[in-house]
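If you want the building blocks of each chain, they are given just below.
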Amino acid sequence: MEFWEEMARLQLMNPKKDRSKIQKAILYLRELAGDKKVHRQENRLDVLEQLKDSMLEGDALQVTSATAGDAIAVPPITKDSHPGISLVTCSMNRSENLLKALRSWLPQSEISELIIIDWGSDVPVAETLHKEGIFDPRIRLVRAPDEARWILSYAFNLGFRLAKFDKILKVDADIVLSDDFFDKNTLIEGSFIAGNWREAEQGQEHVNGFFYLHKNDLAEIGGFNEYITTYGWDDDDLYSRLDEIGIKRENVAPSTIKHLDHSDEERSEDILGDVPAFSAIDEIRNDTMFKIRRNRFIANVMPVWNGQGGFIPLPLKQQPLADETIEVRRVGWIDAEVPPHVEDDANFYALGELASWRLGKQVLGLERGQLRSLLRKSFAEIEQQGLKNLLSQDVPTPEISVPRRKLFIDAQHGLGNRLRAIGSGAAVAEKTDRELVIVWEPDAHCEGRLSDLYEYDGAVEEVAFYKDAESRNCQLYNYMEIEDGAVKDAPITLDDGKDLYARAAYVLNSPLSSWEDENRFLQSLTPIEPVRALVDGVRKPNDVSAHVRMVGGSEYEHLAYESLDNWTAEGHAETEKWRKRSHFSHFLKRIDTLIKEGNAERIFLAADKPETYEAFQACYGDRVAYLPRELYDRSAEQLHYALADALLLGSSPLLLGSTWSSFSELAMRLSPQKMTIEMSGKDF
């Protein structure tokens, strides 16, 4: 914390008058930048060097200066402030309510400044205010244009970090203040004023997130907990930490604030709306209480948040725009990330807790695999068959069970290839009462693990053993035709006395494997939280999805996953042929026609080359939704984007796919709806 407080003081110095002081301060800050976490130390030093260059070469960069140039660090929430009140609010596509609320804030003469954080709104808040003729010199607009997902803790903490005055009035964009608010709510030392859902009138429960406090107290606890990045528990966690440092909570005076109504789904930015619940696990995950209980667990398990671990890096990256809006863009590391195993635990315990409310305390004693197996059924099925009856059947655990024969599916090549092979193996295993064992060995085609994609409790091995399979009493089927002894599409004949080992990038040739059964298994898998967050952060639904696959063929043979060693000469020739027919120009022509017909107002795009995204943006602008990225490789991080892309492609009624691409096929497999499919080179 000391480093960032000193950075804030440095930014206030005048280079023309305090040059020697600045140089001494920079030397001191270099010492303070040291940290056990190397990436955190490097991030601090990078920010310090940027600030040093700007201050010693020109005028000081102030966070509110109209002459701000290069990026400067936003300090943490500081204690040194001027007397007055900073109103802080945030908005992401909530301009209608913001306008109503703003008209109740502006007449309050006690408010010294109004900080509005525009968190990635499709239509910038500045445009909305200009259109409505709203201007007030106290308004400070800060826009984070690259943020695709609503994260309350990041957005509000940014506003708190920029606040100049010693009292903070935190209001959501849907909170209206009465004319006599400050007459009836006097803030005294050692206390804070907050909404209270327990005391609120019916329909006003969401005032719980409103508070009015001394900035010094907020700085002491570090603002909102940045370990919490989804809806729920953020305000209760903050109030609890205030209580722990001896700050007493007082309820806001009745009738001095009013919450403008909208749904929990809107509050959590669940732009999917009502997602059909095919299973109990779906129904629970769609419940906002699941998010609240999950975040409560995370807050209790992670270190107590006080901001000293490092706020999200959001430097002010460029000079204010013509409308005086300041822009911030996220850079560098995020220190406050929750480890995957903690997220997995939080999901499990929240699932168990909510399931117990419906089914009874018995479910709290189930192992993880048992619980998820049970909840893959709908609540109606569970209640119809009876929980005791289902549990007496000994819901299978995910361990490799000795008595049962196994089906090892050694999934090969890229994500689409691997998942269709796994789905096929699962279908055969289910119908033959074999235990499915997924063999997922990371390689150049797919550098990540299965656990980098899914919360999967079944048996997984990460080292292939096809060369030794027969010596381990397995029937061996190898569909990878470039390998010695392999026979692609060989009919599967099961020997009850042996395990089955299938090495494939394709579906198994068996009457026991069908499109419906394969996809049912794939759709039952739960993506990990980072993947779900990517999906949640993209506008949907859309009218049409486009998957443009251009990488492949002779031009890309230098890439390990496109090498000639991966396919036969015939297979490579087919790849070359269809990649040319999947050039983005063919998709643009088809979409132009759909737009003329009124069938493509909203488009989702997934592509494997940056120039495709650039072309779509140039042609269609805001019609296009996509997942911004810098990676176009096969790394574990890129796999998150790949799976999210596949899920998003399947959320539109019409898919324009790339022929000879298993990834377009994967989008069809993961789609919960019946889609209309058009393929490049065939249908357009």
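Placed above this text is the structure.
Report on the accompanying structure.

Cut-off values and rules
- Residues numbered from 1 in each chain as written.
- Predicted model: local features only at pLDDT ≥ 70, side-chain atom pairs only at ≥ 80, totals over all residues.
- Heavy atoms only, no water.
- Helix = DSSP H or I, 4+ residues; strand = E, 2+ residues; numbered from the N terminus.
- Buried < 20%, exposed > 50% of the residue type's maximum accessible area, 1.4 Å probe, protein only.
- Areas by Shrake-Rupley, 256 points an atom, 1.4 Å probe, with all protein chains shown as cover.
- Salt bridge = Lys/Arg side-chain N within 4 Å of Asp/Glu carboxyl O.
- Arc of directions from axis to C-beta.
- Contact = heavy atoms within 4.5 Å.

Quick look at the overall build of the protein
Turning to step 1, where the next piece is worked out: Helix and strand counts for the protein stand at 24 helices and 21 strands.
Turning to step 2, where the next piece is worked out: Burial analysis of the protein (684 residues in total) assigns 56% to the buried set.
Turning to step 3, where the next piece is worked out: Summed over all atoms, the accessible surface of the protein reaches about 30,700 Å², with 48% contributed by carbon and sulfur.

Focus: the environment of Leu390
Turning to step 1, where the next piece is worked out: Locating Leu390 in the fold gives a position in helix α16 (residues 387-392).
Turning to step 2, where the next piece is worked out: Classification of Leu390 as buried rests on a relative accessible area of 4%.
Turning to step 3, where the next piece is worked out: For Leu390 and Leu374, which are 16 residues apart along the polypeptide, the C-alpha to C-alpha distance reads 8.0 Å.

Considering the pattern of salt bridges
Turning to step 1, where the next piece is worked out: Tallied over the full model, the rule gives 39 salt bridges.
Turning to step 2, where the next piece is worked out: Its salt-bridge partner being Arg358, residue Glu283 comes within 3.1 Å of it at the nearest N-O pair. Of the two residues, Glu283 sits in helix α11 (residues 280-285) while Arg358 sits in helix α13 (residues 340-359), which places them 75 residues apart along the sequence.
Turning to step 3, where the next piece is worked out: Arg358 sits in the partly exposed class, given a relative accessible area of 41%.
Turning to step 4, where the next piece is worked out: Linking Arg629 and Asp645 is a salt bridge whose minimum nitrogen-to-oxygen distance equals 2.8 Å. Pair noted here: Arg629 is in the loop between β19 (624-625) and α23 (636-649) and Asp645 is in helix α23, with a separation of 16 residues, a long-range link.
Turning to step 5, where the next piece is worked out: What emerges from the salt-bridge pattern is a single network uniting Arg285, Arg294, Glu343, Arg372, Glu455, Asp457, Glu529 and Arg532.

Concerning helix α22 (residues 610-620)
Turning to step 1, where the next piece is worked out: Those residues of α22 that sit buried are Thr612, Tyr613, Ala615, Phe616 and Tyr620. Buried residues of α22, viewed axially, fall in a sector of 160°; they line one side. Facing away from the buried side of α22 by more than 90 degrees, the exposed set consists of Glu614 and Ala618.
Turning to step 2, where the next piece is worked out: In this structure, the buried side of α22 is in contact with β17 (544-548), α21 (584-596), β18 (603-607), β19 and α23.

Digging into unusual backbone geometry
Turning to step 1, where the next piece is worked out: Omega for the bond connecting Lys540 with Pro541 falls within 30 degrees of zero, at 0°, which places this linkage in the cis form.
Turning to step 2, where the next piece is worked out: In this model, Asn93 sits at a positive phi of 60°, which is unusual for a non-glycine residue.
Turning to step 3, where the next piece is worked out: Position of Asn93 among the secondary structure elements: in the loop between β1 (82-91) and α4 (95-105).
Turning to step 4, where the next piece is worked out: With a phi angle near 65°, Ser255 is a residue other than glycine that sits in the positive phi range.
Turning to step 5, where the next piece is worked out: Looking at where Ser255 falls in the secondary structure, it is placed in the loop between β8 (248-251) and β9 (257-259).
Turning to step 6, where the next piece is worked out: Given a relative accessible area of 61%, Ser255 falls into the exposed group.

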